Amino acid sequence: QPSSLLVSACLLGQAVRYDGGHLLTQHPFIELLRKQNRLVSICPEVIGGLPTPRPPAELIASGKIVTIDGDDVSAQFQKGAELALKKAQETGCSFALLAAGSPSCGNERIYDGSFSGKLIAGAGATAQLLMDHGIRVFNQHQLEQLEVAMGS
Ligand code: SF4
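Residues numbered from 1 in each chain as written. Predicted model: local features only at pLDDT ≥ 70, side-chain atom pairs only at ≥ 80, totals over all residues. Heavy atoms only, no water.

An account of the site of the ligand is needed here, citing residue identities and associated values.
Among the 14 residues in the neighbourhood of the ligand, the closest are listed as Cys10, Val16, Cys43, Glu45 and Cys105. Most atoms of the ligand, that is more than half of them, are within 2 Å of grid points of the largest pocket. Tallied by class, residues from the shell around the ligand come to 8 nonpolar, 3 polar and 3 charged. (Near = heavy atom within 4 Å. 1 Å grid on protein atoms, 1.4 Å probe; cavity = no way out; pocket = protein on both sides within 12 Å on 5 of 7 lines; lining within 4 Å. Sits in = over half its atoms within 2 Å of the grid points. Nonpolar A, V, L, I, M, F, W, Y, C, P; charged D, E, K, R; others polar.)

Can you explain unusual backbone geometry? Please cite residues and give values.
In this structure, Pro53 follows Thr52 across a cis peptide bond, with omega equal to -5°. With respect to the secondary-structure elements, Pro53 resides in the loop between α2 (44-47) and β3 (57-59). Although it is not a glycine, Asn37 sits at a positive phi angle of roughly 60°. With respect to the helices and strands, Asn37 occurs in the loop between α1 (28-35) and β2 (39-42). According to the relative accessible area criterion, Asn37 is exposed, its value standing at 71%. Phi angles above zero are rare outside glycine, and Phe115 is one such case at about 55°. Assessed through its relative accessible area of 25%, Phe115 is described here as partly exposed. (Helix = DSSP H or I, 4+ residues; strand = E, 2+ residues; numbered from the N terminus. Buried < 20%, exposed > 50% of the residue type's maximum accessible area, 1.4 Å probe, protein only.)

Quick one: what's the story with helix α4 (residues 125-132), residue by residue and with numbers?
If you check which residues of α4 are buried, you get Ala125, Thr126, Ala127, Leu129 and Leu130. Among the structural elements, β1 (4-8), α2, β4 (65-67), α3 (74-90), β5 (93-97) and β8 (136-138) are those in contact with the buried residues of α4. The first or second residue beyond α4 is Gly134, which carries a positive phi of 85°. (Contact = heavy atoms within 4.5 Å.)

Pulling in residues and values, what's your account of the pattern of salt bridges?
Applying the stated criterion across every chain yields a total of 5 salt bridges. Taking the shortest distance from any N to any O, the salt bridge between Glu90 and Lys86 comes out at 3.6 Å. On the criterion of helical spacing, the pair formed by Glu90 and Lys86 is a turn pair, its members being 4 residues apart in helix α3. Among the residues examined, Lys86 registers a relative accessible area of 45% and is labelled partly exposed. (Salt bridge = Lys/Arg side-chain N within 4 Å of Asp/Glu carboxyl O.)

So, in structure tokens, the structure goes:
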């Protein structure tokens, strides 16, 4: 049974980003998986209960995730991460393609909590939970590595 791929909904063109936009990412490997019915779309922040559009949020030093207005949205981010993990496990996804830099989806870098556009090493809530459970997480700038890792 070949693995399916959990994908950030915004990378598939769904307008679910905090600003109401998307990050449509087109690539032959994504098209191939789509034809094979192996894409599983998810937006952790939306399934975690947040509206679109929504205020930007970042992980701060205390470990909480707060919006630019100072509201604590850690619970919604955590719920979204848990639902994403559940969906990945239920649909046989050993791999995920998640949007870089997001406080949910970022796999290598996230914003530093100062809302000044500064990236630091770290992972978003969903990316981290998936990785903790053995799912290999790539971002949209790592599609070649993803393709090699998944084979086809
Ligand atoms: Fe995209 Fe993830 Fe942000 Fe949803 S939470 S908009 S899927 S980066």
